[in-house]
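In case you want the letters, here they are:
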Number of protein chains: 4
Amino acid sequence: MKVGFVGLGRMGSAMATNLLKAGHELAVWNRTPGKADALVDAGARRAICPADAADGDVIMTMLADDAAVEAAVYGQDGILGGPALHVSHSTISVALADRLAADHTGEGGFVSAPVFGRPVAAEAGKLFVVAAGAAEHVDSCEPLFMAIGQRVFRVGTTPSAANLVKLSGNFMIMSAVEAMAEAMTLAEKGGVDRATLLEVLTGTLFGAPVYQTYGDILVEDRFRPAGFAAPLGLKDMNLVDAAATASRVAMPVLGVIRDHLRAAIAQEGEDIDWASVAMAVRRAAGMS
Amino acid sequence: MKVGFVGLGRMGSAMATNLLKAGHELAVWNRTPGKADALVDAGARRAICPADAADGDVIMTMLADDAAVEAAVYGQDGILGGPALHVSHSTISVALADRLAADHTGEGGFVSAPVFGRPVAAEAGKLFVVAAGAAEHVDSCEPLFMAIGQRVFRVGTTPSAANLVKLSGNFMIMSAVEAMAEAMTLAEKGGVDRATLLEVLTGTLFGAPVYQTYGDILVEDRFRPAGFAAPLGLKDMNLVDAAATASRVAMPVLGVIRDHLRAAIAQEGEDIDWASVAMAVRRAAGMS
Amino acid sequence: MKVGFVGLGRMGSAMATNLLKAGHELAVWNRTPGKADALVDAGARRAICPADAADGDVIMTMLADDAAVEAAVYGQDGILGGPALHVSHSTISVALADRLAADHTGEGGFVSAPVFGRPVAAEAGKLFVVAAGAAEHVDSCEPLFMAIGQRVFRVGTTPSAANLVKLSGNFMIMSAVEAMAEAMTLAEKGGVDRATLLEVLTGTLFGAPVYQTYGDILVEDRFRPAGFAAPLGLKDMNLVDAAATASRVAMPVLGVIRDHLRAAIAQEGEDIDWASVAMAVRRAAGMS
Amino acid sequence: MKVGFVGLGRMGSAMATNLLKAGHELAVWNRTPGKADALVDAGARRAICPADAADGDVIMTMLADDAAVEAAVYGQDGILGGPALHVSHSTISVALADRLAADHTGEGGFVSAPVFGRPVAAEAGKLFVVAAGAAEHVDSCEPLFMAIGQRVFRVGTTPSAANLVKLSGNFMIMSAVEAMAEAMTLAEKGGVDRATLLEVLTGTLFGAPVYQTYGDILVEDRFRPAGFAAPLGLKDMNLVDAAATASRVAMPVLGVIRDHLRAAIAQEGEDIDWASVAMAVRRAAGMS
């Protein structure tokens, strides 16, 4: 297929590379052009603007936040000007996803398809893709999704549903980290070391990647360099909060997480990993 | 080995039965004597009091709460009067475990070994045993633990450490349920049904028994009959809270859980399952 | 003085009327022109646009939210086009106040002066004015403030400081209501009626208007018609939350309030008073 | 009247002194006898045990906690052995007050009458007395209450109602402190000093002793020596929590307070004032 890709950060570059490897005809664009060089060397065409990248079958975007997506879509020479089906992989607000769905009125259409996975998973083509949109649109993207991911979850025909699921997933990750941090702090002050508690948890009811991955980070106090920086985590939790406000849902655990992200950033600095909510928990218990 | 067993509720009976099957010489005692009948029919000796049951190598207790354990140990003809090593499987407070450890000054000794698993797991001999106590004492119990469980975790030489781990585990279960409930409520009000969200969660980072088991309960609103009644869950969370007060640890997610257990009981009744924190979350969002 | 007034809702109309009564030369503008009729009948000039109203010494704005202020200031024929000193009385975000301060670079200048008080206080000229801005600017507004209020608090030279104080005050009001609601619910379930508890509180350490006013509302379940609607209260609490995110401050009581505002709106409807956080508290205790 | 007084700490001594000054015939008892010396010098009789002190019209107790009251009442030579009406001024649990009411079955009767006020107010005879019990019993105590306090609130005929009101009041104090701490921290990080915010608050809707007294403490960081030590405050909040558990009431602000008391004690030490919840709030914002 003829595919455009906008947003060549670490995640986006890895995804675009896998599309190229899968044999698709790729056009790439990034606000900072240098980030496109490697892909161009590998055979991609350098698009001159988002609209140019969108002059094919599908245009994929993988950008940092709502503002970046708005700029790429609604800005001058933006994606809305191209005929391609727009597949948005970014973690953006439910509100913006709804607005994008409403504004892609042309033939191209709009699919929201945020992904779960860290850069390493993106490089290995092992992302999880959560997709929502018109069935025929999502169908047509399946080969592309299989090039970047290991599994596709279809969660309905309203694109923003995929964003809601993605945001809920990030909230669930933070919830698991926060709960582990509270339990580990209680255990440690009571004489049980964190590794021992983690071994029992993952060996019984909690044998899932979220506990194994973040459990190790907590046991080893491995918060720098940030795999996912706390301010970005806070941004995502603010998007969950905005959805909760719009839907009138009380989410007290979300409130705890947002407070601890603010505390961790205030206490440790802006460059700390989002798992550092655990540091806020420890400091509140008088530990350092 | 010559083993006594005190506390023949559904969990205790299953555990005792497995000890009998494994070939141990068993004496049983229960406050309500009728509950011992089946085991006596199967070959166990009916002890006339806890002290009588404790007249062997090991005396195991599996009782409802601190008060029941105190009665069996410190009461008239209590366990302290027997020579056996006392293995406490009950979910009791850290403070009582410390007191028991201090008071078992005789040759018998004291091991704390609470278990994870529902009655079905107990019947199948598939419990997880979390044990703490003097190494030689825990060593001598290994064959008994393997008769009732699938795996033993040793968490130190201070018996109450095992209780702290057990209570932390129950807190972690409730944390996962609370977080899922918040996410499912947000998703559902936003148009994504609960089963879809659960499929994505367990298919990605959250593929652990705690999410599968309780996720199904939440998707199906299966809160009666209670597998584990909310008032008992609240009792356990109060034990975590007592440990947190003693150790000066702030646990805000624990606060959320305790509030939602109180709310669920107030709104639904005393016979509801502890997973009904999810009902409190839904009601707070205006859903029923 | 020659004063313009933009925003003639119930609060704004009352404030403008008091300026007129104090002898100032008044020009008024409102998006819905009919709301200016009474003031024009009373002697005010009908401005044709915000810029026209700002063609004097001082232009005051009293609008519903950030968007309304942005429209009046930055929109076509907006206030930035006039020479007057802009005095913003609206409850707006700290971020917008900072932006307005930065953009009023002309001779006019910018003072932020949000007010405390309900419409009845506005009509009586008994508002509390919290003002921040350049000293000479605030000095020049003193006679105007004394026409609309009973007391002026000067909180610094950075205009947004006044907004931060105003938002903090609204947070404090909601905190007092939430705490009273929790205490009253506990007391009532324990057999002490709400009025009795309130009498003890206000008769001892809590003899302040916030407890008297809202205490009566809670005792009498007087939530409709709304004196201040819950969605507006939630909007204000979201502004506090945005300031807390920007400053990296954990505010767990704010989280409780926001959750209970969402719950009250979800359970009772959008037209309920913001004091209905108390209804959310009662429902969570199984009361109706 | 012939009055006995048990519990001669700083509060109790001041109250007993005022009873003596008012002309009552006083017998005093304290576990540490030396604390009775000053009162004996002033004309009181030294009782040989609580029962001896209770050999009159009224026996008043002012003790530290549930355990101390239980010892004085149910212990050897305890108050239950005397004929006097027992008036309990201590801050004890609702559950113990209910138990005391049930056990005072003799002619004496039982009134619960906890007080609001610091030692200075006790010395000045300016306490607030919250009384509950049979009307004729409370009637008969009125002259005694007026000797120690400035005002009596009667809150019903069930004695424990007075304890519930007292505990609710302490919860309300802590709620006001916590809310002020959050608002002051937000304001200060935003450039508004604490004293300025406090001036606006107490000058508008929050002109009550609770805000003035504790506001000054927070502005001046005056947490040592403790007026009321944080561990005692936590003990009281745990009594509120126990009542909330028994009544199935969710109290999320109580949860915040208890977590911050634990945090303050863990971070600052056991000798800190209960207003130091504000220090926990500040530390969580990265301030010291």
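These numbers come from a predicted model, not from an experiment. (Residues numbered from 1 in each chain as written. Chains lettered and ligands numbered in written order. Predicted model: local features only at pLDDT ≥ 70, side-chain atom pairs only at ≥ 80, totals over all residues. Heavy atoms only, no water.)

(A) Representation of the overall build of chain A within the structure. Helices and strands together make up the secondary structure of chain A, namely 13 helices and 9 strands. The principal-axis extent of the C-alpha atoms belonging to chain A is close to 60 × 40 × 35 Å. The buried share among the 288 residues of chain A stands at 62%. In chain A, the proportion of contacts linking residues at least 24 apart, taken out of those at least 6 apart, comes to 64%. Taken as a whole, chain A presents about 9700 Å² of accessible surface, with 52% of it coming from carbon and sulfur. One way to put it: in chain A the 23 positive side-chain charges average out to a point 3 Å from where the 32 negative ones average out. (Helix = DSSP H or I, 4+ residues; strand = E, 2+ residues; numbered from the N terminus. Buried < 20%, exposed > 50% of the residue type's maximum accessible area, 1.4 Å probe, protein only. Contact = heavy atoms within 4.5 Å. Areas by Shrake-Rupley, 256 points an atom, 1.4 Å probe, with all protein chains shown as cover. Lys, Arg positive; Asp, Glu negative; His and termini not counted. Charge placed at Lys NZ, Arg CZ, Asp CG, Glu CD.)

(B) Structural view of the interface of chain A and chain B. Each side of the interface is counted separately: chain A has 56 residues, and chain B has 56 residues. Across the interface of chain A and chain B, roughly 4700 Å² is buried in total on both sides, 78% from carbon and sulfur atoms. Its largest share of buried area at the contact with chain B, chain A owes to M172, L186 and L205 of chain A, together 15% of the area lost on that side. Here chain A is connected to chain B by 2 salt bridges. Here E199 of chain B ties to R151 of chain A by a salt bridge, and the two come within 3.7 Å at their closest N and O atoms. Taken together, the connections running from chain A to chain B amount to 9 residue pairs in polar contact (both at pLDDT 80 or more). Those elements that provide at least two residues to the side of chain A that touches chain B are β8 (127-131), β9 (149-154), α8 (160-189), α9 (194-203), α10 (209-219), α11 (230-247) and α12 (252-268) of chain A. Ranked by residue count, the leading element in the side of chain A that touches chain B is α8 of chain A, at 19 residues. (Buried area = accessible area lost by both parts, 1.4 Å probe. Salt bridge = Lys/Arg side-chain N within 4 Å of Asp/Glu carboxyl O. Polar contact = N/O pair within 3.5 Å; in protein donor to acceptor, adjacent residues only side chain to side chain.)

(C) Spatial organisation of the relation of the copies chain D and chain C. Superposition record for chain D on chain C: RMSD 0.1 Å, screw rotation 180°, translation along axis 0.0 Å. Given the turn and translation reported, the copies of this chain are related as if by a two-fold rotation axis. For chain D, the minimum C-alpha distance to the rotation axis belongs to A208 of chain D and amounts to 2.4 Å. Taken as a fraction of all interface residues of chain D, those also at the interface in chain C reach 100%, which identifies the copy contact as same-surface. (Least-squares fit on C-alpha atoms with pLDDT ≥ 70 in both.)

(D) Representation of the relation of the copies chain A and chain B in the model. Between the two copies, chain A and chain B, the superposition gives an RMSD of 0.0 Å; the rotation angle is 180° and the shift along the axis is 0.0 Å. With an isologous cut-off of 70% or more, the 100% of interface residues of chain A that recur at the interface of chain B puts this contact in the isologous class.

(E) View of the side chain of S93 of chain A. Residue and element names in this part refer to chain A. Summarising the element assignment, S93 is placed in the loop between β5 (85-88) and α5 (94-103). We classify S93 as buried; its relative accessible area is 10%. In this structure the side chain of S93 is engaged in a polar contact, spanning 2.9 Å, whose partner is the backbone nitrogen of L96.

(F) The pattern of salt bridges, seen in detail. Inspection of every chain in the model, using the stated rule, returns 79 salt bridges over all chains. A salt bridge links D259 of chain B to R262 of chain B; the shortest N-O distance between them is 3.3 Å. Here D259 of chain B and its partner R262 of chain B are both found in helix α12 (residues 252-268), 3 residues apart, which amounts to about one turn of the helix. Of the residues examined, D259 of chain B reaches a relative accessible area of 8% and is grouped as buried. Salt-bridge contacts for D236 of chain D lead to K235 of chain D; the nearest nitrogen and oxygen are separated by 3.5 Å. Its relative accessible area of 22% is what places K235 of chain D among the partly exposed residues.

(G) Up close: the packing of helix α8 (residues 160-189) of chain B against α12 of chain B. Residues and elements named next belong to chain B. At a closest axis distance of 10 Å, the pairing of α8 and α12 adopts a crossing angle of 75°. As summarised for this structure, α8 and α12 are arranged roughly perpendicular, according to the angle between their axes. Contacts from F171, M174, S175, E178 and E182 of α8 reach α12 at V253, L254, V256, I257, H260 and L261. Residues that form the contact of α8 with α12 fall into these classes: 7 nonpolar, 2 polar and 2 charged. (Axes fitted to C-alpha atoms, helices over the stretch in contact; angles between N-to-C directions. Parallel < 35°, antiparallel > 145°, perpendicular 65-115°, else oblique. Nonpolar A, V, L, I, M, F, W, Y, C, P; charged D, E, K, R; others polar.)

(H) Seen up close, the pairing of strand β9 (residues 149-154) of chain C. Residues and elements named next belong to chain C. Pairing analysis gives 5 bridges linking strand β8 (residues 127-131) to β9, with the strands arranged parallel. Considered in β9, the bridge of L127 is made with G149. In this fold, β8 hands off to helix α7 (residues 135-148), which returns the chain to β9; that crossover is right-handed. (Pairing = 2+ DSSP bridges. Right-handed = clockwise from strand over helix to strand, strands pointing away.)

(I) Quick look at helix α11 (residues 230-247) of chain C. Between its first and last C-alpha, α11 of chain C extends 25 Å over 18 residues, near the 26 Å set by a 1.5 Å rise per residue. Those residues of α11 of chain C not exposed but buried are A230, G233, L234, D236, M237, L239, V240, D241, A243, A244, T245 and S247 of chain C. In this fold, the buried residues of α11 of chain C make contact with α11 and α12 of chain A, α5 (94-103), α8 (159-189) and α12 (252-268) of chain C together with α8 (160-189) of chain D. R248 of chain C lies just past α11 of chain C and shows a positive phi near 60°. (Expected span 1.5 Å × (residues − 1).)

(J) Spotlight on the UniProt feature "active site" (unreviewed entry) in chain A. As recorded in UniProt, the feature "active site" (unreviewed entry) lies at K166 of chain A. Dropping the residues within four chain positions of it, K166 of chain A is found in contact with T91, P114, V115 and F116 of chain A. (UniProt positions renumbered as here; feature names shortened; annotations may be inferred.)

(K) Seen up close, the sheet that holds β8 of chain C. The strand order across the open sheet formed by 3 strands is β7-β8-β9 (chain C), and the pairing between neighbours is mixed. Strands with a single pairing partner mark the edges of an open sheet, and in this sheet they are β7 (115-116) and β9 of chain C.

(L) Fine view of the packing of aromatic side chains. What the rule picks out here adds up to 18 aromatic pairs over all chains. Plain terms: the ring middles of F206 of chain C and Y211 of chain C are 5.2 Å apart, the flat faces sit at 80° to each other, and that makes the pair edge-to-face. Measuring from ring centre to ring centre gives 4.8 Å for F228 of chain D and W274 of chain D, while their planes differ by 85°; the resulting arrangement is edge-to-face. Of this pair, F228 of chain D sits in the loop between α10 (209-219) and α11 (230-247) while W274 of chain D sits in the loop between α12 (252-268) and α13 (277-284); the two residues are 46 residues apart in sequence, bridging distant segments of the chain. Note on F228 of chain D: relative accessible area 24%, which makes it partly exposed. Linked through ring pairs, F206 and Y211 of chain A together with F206 and Y211 of chain B together constitute an aromatic cluster. Positioned over the ring face of Y74 of chain C is R99 of chain C, at 4.1 Å from the centre of the ring. (Phe/Tyr/Trp six-rings, centres within 6.5 Å; stacked < 30°, edge-to-face > 60°. Lys NZ or Arg CZ within 6 Å of the ring centre and 35° of its normal.)

(M) View of the side chain of S175 of chain A. Summarising the element assignment, S175 of chain A is placed in helix α8. You can call S175 of chain A buried: its relative accessible area is 5%. In this structure, S175 of chain A is in contact with V253 and I257 of chain A together with A179 of chain B, ignoring residues within four places of it in sequence.

(N) Structural detail: the domain arrangement of chain A. All names here are of chain A. If you check the domain split of chain A, you get domain 1 (2-157) and domain 2 (163-284). Spacing between the C-alpha centres of domain 1 and domain 2 amounts to 29 Å. Tallying the contact residues gives 15 residues for domain 1 and 15 residues for domain 2. For the pairing of domain 1 and domain 2, the buried interface totals around 1200 Å² over both sides, and the portion due to carbon and sulfur atoms is 64%. The largest per-residue losses of area from domain 1 upon contact with domain 2 belong to T91, F116 and R118, which jointly make up 46% of the total buried on that side. The interface formed by domain 1 and domain 2 contains 0 salt bridges. Secondary structure elements with two or more residues in the side of domain 1 that touches domain 2: α5 and β7 (115-116). (Domains from an automatic or database assignment.)

(O) Spotlight on the interface of chain D and chain C. In this assembly, 56 residues from chain D lie in contact with 56 residues from chain C. For the pair chain D and chain C, the summed buried area comes to about 4700 Å², and 79% of that belongs to carbon and sulfur atoms. Counting the surface chain D buries against chain C, the share from its top three residues, M172, L186 and L205 of chain D, is 15%. Across the contact surface, chain D and chain C share 9 residue pairs in polar contact (both at pLDDT 80 or more). Residue contributions to the side of chain D that touches chain C peak at 19 residues, all from α8 of chain D. Taken together, the residues of the side of chain D that touches chain C break down into 39 nonpolar, 11 polar and 6 charged.

(P) Structural context of unusual backbone geometry. Residue and element names in this part refer to chain B. R224 connects to P225 through a cis peptide bond whose omega is -5°. Mapping P225 onto the fold places it in the loop between α10 (209-219) and α11 (230-247). Phi is positive for D77, which is not a glycine, with a value near 55°. Relative to the helices and strands, D77 resides in the loop between α4 (66-74) and β5 (85-88). The partly exposed category is assigned to D77, whose relative accessible area is 48%.

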